[in-house]
Number of protein chains: 2
Amino acid sequence: MSNAQLAINNETGHAAGVNEWLGDGQSAQIKMGSSFTTTHERPLDMHEHLFMIGDKQTHLYQILEGVIGVYKMLPDGRRQIVTFYYPGDMIGGGDKSNWTQHAEALCNAKVRCIPVSTVDTLITTEPGFGQALMSMLATELEETRDQLLSLGRKSALEKVATFLLRISRRNKREGADESLLHLPMKRAEIADYLGLTIETVSRNITKLKTTGIIRLESKSEISVKDISLLEELADGGN
Amino acid sequence: MSNAQLAINNETGHAAGVNEWLGDGQSAQIKMGSSFTTTHERPLDMHEHLFMIGDKQTHLYQILEGVIGVYKMLPDGRRQIVTFYYPGDMIGGGDKSNWTQHAEALCNAKVRCIPVSTVDTLITTEPGFGQALMSMLATELEETRDQLLSLGRKSALEKVATFLLRISRRNKREGADESLLHLPMKRAEIADYLGLTIETVSRNITKLKTTGIIRLESKSEISVKDISLLEELADGGN
DNA sequence: CGATCTTTTGAAAGCTTTCAATCCAAGTGG
DNA sequence: CCACTTGGATTGAAAGCTTTCAAAAGATCG
């Protein structure tokens with residue numbers, strides 16, 4: 001059970017243990033005491049919605065493949081992506097009966113659907129499961145607060161640097177190359193995540209490229225040439 | 001036990017039930033099964049820190065009086081306040097052993113300190129307590145995501161309007177006058193919460209005043225003259 | 001190879017910040 | 001009781017950064 005998928009959206013490196021019960025995505029079953037509960041997988045095409053705001057929260061989702069973007073919108077169409085979920089991450093865990101935002105696949109994806117009733121059962125029958133869920137929420141809150149710092153106080157260049165660094169760190173944590181970043185999402189989605197426009201994102205990626213800090217292998221493939229410089233930029237270099 | 005203090009930082013109106021165990025701030029004891037655990041209160045002067053980043057997380061705190069600001073900083077001094085905690089709110093509940101941000105009293109305040117060991121005990125002995133904590137975290141995550149939308153996608157005027165509206169709704173929820181807003185914090189703290197400068201906050205409050213949407217009774221006392229207009233502004237008027 | 005979607009680049013406009021000065025309210029001391 | 005001091009809030013003008021509008025350059029797909 002120890003593999004990269006064990007991470008629960010844990011940017012901070014916490015070993016949130018929800019997957020100890022939910023498995024690593026290879027099995028379709030969840031152990032509950034001595035019995036098992038069957039879940040089902042759901043494939044998602046690029047841009048397909050997993051749920052929309054107001055939908056009844058019937059399941060928790062574990063990302064198996066691809067990346068899911070969760071976002072909020074203003075009535076006039078402005079959009080803010082609040083988080084990207086990667087394989088191994090769990091979506092849900094709150095106590096709301098309805099979703100309070102939209103979730104859309106940013107590329108072809110696959111999720112495991114766990115009925116909320118199963119989750120409720122696990123909480124009462126499996127000691128530690130509730131704690132794991134709590135830990136997951138706490139980690140997510142922590143990351144969201146970091147993002148607040150980015151959106152509220154960082155310049156466009158710093159935001160982009162922070163974003164790339166976050167991907168680099170995720171790679172490192174999962175044993176992948178921390179210098180080779182894959183961006184599964186479009187510039188528009190990076191922009192909506194960083195509170196910028198497409199053009200500003202593009203310009204600042206170009207700036208990082210010109211400075212020699214990164215290299216664009218392709219539009220969605222970036223190699224970091226100088227991580228320490230990137231870190232300095234991301235934290236408001238000092 | 002049913003009073004305004006029951007709210008757990010619940011902007012969304014959720015009746016998170018942690019205070020069912022922790023009481024309403026009038027008692028110094030917590031019921032644990034048939035026994036009680038004693039906690040202690042701690043008064044805080046204006047600008048006194050409740051904890052600093054990196055400090056060991058020894059207690060959870062329940063706000064009894066005043067307002068506490070929780071913030072993060074960049075190495076060069078830029079600050080982002082991630083949330084304001086009001087009476088009835090709980091600080092903590094994550095699973096981190098150390099605080100990941102600073103907490104400072106914005107005015108004279110008082111908190112009840114609950115040892116983490118007590119919390120751990122409550123989680124295992126009091127059915128429902130863990131759920132209540134989880135609910136609290138979920139609500140906080142939700143609010144933080146709303147703030148992301150503000151910081152990432154709203155104009156300065158919209159941010160200020162949203163901020164005032166949030167206070168108005170808190171008042172309403174607690175049975176206070178939704179049209180008379182008391183701002184316990186300085187402009188500088190509003191600015192650090194909204195990702196703006198003091199001057200921009202001031203200018204936009206003036207703008208709201210000039211438009212007749214609000215009236216400044218004093219520097220920290222605002223009366224809302226047209227709530228629906230304020231709401232329209234806050235949500236990106238359409 | 002043409003059509004379409006995405007990214008990049010350029011130039012002007014706009015909004016927020018920065019820098020500076022003034023205003024205000026509260027507290028202090030004579 | 002009235003200057004005087006002080007910290008905070010407001011207002012003004014210029015600078016700066018990001019957005020907007022527009023167009024060109026790349027990709028992708030049939």
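The model shown is predicted, which means the values in this text are computed figures rather than measured ones.

A. Local environment of the relation of the copies chain A and chain B. The operation relating chain A to chain B is a screw motion whose rotation component is 180°, with 0.0 Å of axial translation and a residual RMSD of 0.0 Å. On the angle and the small slide along the axis, the relation comes out as a two-fold axis. Looking at chain A, 100% of its interface residues are interface residues in chain B too, so the copies touch through the same face.

B. Fine view of the domain arrangement of chain A. Residues and elements named next belong to chain A. The assigned domain composition of chain A is domain 1 (4-143) and domain 2 (154-234). The interface of domain 1 with domain 2 comprises 21 residues on the first partner and 14 residues on the second. For the domain 1 and domain 2 pair, buried surface summed over both sides reaches about 1600 Å², with 47% attributable to carbon and sulfur atoms. At the surface where domain 1 touches domain 2, the tally comes to two salt bridges. Between domain 1 and domain 2 we count five residue pairs in polar contact (both at pLDDT 80 or more) in total. Looking at which element gives the most residues to the side of domain 1 that touches domain 2, the answer is strand β7 (residues 79-85), with six residues. Looking at the side of domain 1 that touches domain 2 residue by residue, the classes come out as ten nonpolar, seven polar and four charged.

C. A look at unusual backbone geometry. All names here are of chain A. Backbone geometry places His47, a non-glycine residue, at a positive phi of 75°. Topologically, His47 is positioned in the loop between β3 (40-44) and β4 (49-51). Overall, the relative accessible area of 35% leaves His47 in the partly exposed class.

D. Summary view of the pairing of strand β7 (residues 79-85) of chain B. Residues and elements named next belong to chain B. Of all the seven residues making up β7, seven are buried; the element is thus mostly covered by neighbouring parts of the structure. Here six bridges tie strand β6 (residues 68-73) to β7, and the two strands are oriented antiparallel to one another. Residue pairing in the sheet places Gly69 in a bridge with Phe84 of β7. Between β6 and the antiparallel strand that follows it, β7, lie five residues; Gly77 among them carries a positive phi value of about 105°.

E. The arrangement of helix α5 (residues 187-194) of chain A in detail. For α5(A), the buried fraction is high: seven of the eight residues fall into the buried class. Burial in α5(A) covers these residues: Arg187(A), Glu189(A), Ile190(A), Ala191(A), Asp192(A), Tyr193(A) and Leu194(A). In this structure, the buried side of α5(A) is in contact with β7, α3 (129-153), α4 (156-173), α6 (198-211) and β12 (214-218) of chain A together with α3 (129-153) of chain B.

F. A look at the sheet that holds strand β4 (residues 49-51) of chain B. All names here are of chain B. Here we have four strands laid out as an open sheet, ordered β4-β9-β6-β7, and antiparallel in their pairing. Single-partner strands in this sheet number two, and they are β4 and β7. Mean inter-strand twist for the sheet, computed between neighbouring axes without regard to direction, equals 30°. When β6 meets strand β9 (residues 102-105), the two strands line up antiparallel, connected through four bridges. Opposite Gly69, over in β9, you have Glu104 as the bridge partner.

G. Layout of the sheet that holds strand β8 (residues 90-91) of chain B. Residue and element names in this part refer to chain B. On the basis of which strands lie adjacent, the open sheet formed by four strands has the order β3-β10-β5-β8 and antiparallel pairing. Pairing within the sheet leaves two strands with one partner each, and these edge strands are β3 (40-44) and β8. Relative to strand β10 (residues 109-115), β3 runs antiparallel, the two sharing five bridges. From the neighbouring strand, His40 faces β10, where its bridge partner is Cys113. In the packing of helix α2 (residues 116-125) onto the sheet, contacts are made with β5 (59-65) and β10, and the angle to β10 comes to roughly 60°.

H. Highlighting the nonpolar core. Ile68(A), Ile91(A), Ile68(B) and Ile91(B) are the most contacted members of the largest nonpolar core, which totals 36 residues. Discounting chain neighbours no more than four positions away, the residues touching Ile68(A) are Leu44(A), Ile63(A), Thr83(A), Phe84(A), Tyr85(A), Ile91(A), Ala103(A), Glu104(A), Ala105(A), Leu106(A), Ala109(A) and Val111(A).

I. Representation of the protein's contact with DNA strand D in the model. Close to DNA strand D lie 17 residues; Ala156(A), Thr200(A), Arg203(A), Arg187(B) and Thr206(B) are nearest. When the atoms of DNA strand D within 4 Å of the protein are sorted by group, sugar and phosphate make up 60%. Arg203(A) places a side-chain nitrogen or oxygen 2.8 Å from a base oxygen of DNA strand D. Within the side chain of Ser202(B), an N or O atom sits 2.9 Å from a phosphate oxygen of DNA strand D. Counting residues per element, the ones that place at least two in the surface near DNA strand D are α6 of chain A together with α6 (198-210) of chain B. No other element matches the five residues that α6(B) contributes to the surface near DNA strand D. Of the residues assigned to the surface near DNA strand D, the class counts are four nonpolar, six polar and seven charged.

J. Spatial organisation of the pattern of salt bridges. The final tally for this structure, using the stated rule, is 30 salt bridges over all chains. A salt bridge links Arg78(A) to Glu158(B); the nearest nitrogen and oxygen atoms lie 2.9 Å apart. Here Arg78(A) is found in the loop between β6 (68-73) and β7, whereas its partner Glu158(B) is found in helix α4 (residues 156-173) on a different chain. Its relative accessible area of 23% is what places Arg78(A) among the partly exposed residues. On the basis of relative accessibility, which here comes to 11%, the residue Glu158(B) falls in the buried class. A salt bridge links Glu178(B) to Lys172(B), with the nearest nitrogen and oxygen atoms 3.8 Å apart. With a relative accessible area of 54%, Lys172(B) lands in the exposed category. What you see here is one network of salt bridges that share partners, running through Arg79(A), Glu104(A), Asp192(A) and Arg153(B).

Rules used in this analysis
Residues numbered from 1 in each chain as written. Chains lettered and ligands numbered in written order. Predicted model: local features only at pLDDT ≥ 70, side-chain atom pairs only at ≥ 80, totals over all residues. Heavy atoms only, no water. Least-squares fit on C-alpha atoms with pLDDT ≥ 70 in both. Contact = heavy atoms within 4.5 Å. Domains from an automatic or database assignment. Buried area = accessible area lost by both parts, 1.4 Å probe. Salt bridge = Lys/Arg side-chain N within 4 Å of Asp/Glu carboxyl O. Polar contact = N/O pair within 3.5 Å; in protein donor to acceptor, adjacent residues only side chain to side chain. Helix = DSSP H or I, 4+ residues; strand = E, 2+ residues; numbered from the N terminus. Nonpolar A, V, L, I, M, F, W, Y, C, P; charged D, E, K, R; others polar. Buried < 20%, exposed > 50% of the residue type's maximum accessible area, 1.4 Å probe, protein only. Pairing = 2+ DSSP bridges. Axes fitted to C-alpha atoms, helices over the stretch in contact; angles between N-to-C directions. Core = buried A, V, L, I, M, F, W, Y, C linked by side-chain atoms within 4.5 Å. Near = heavy atom within 4 Å.

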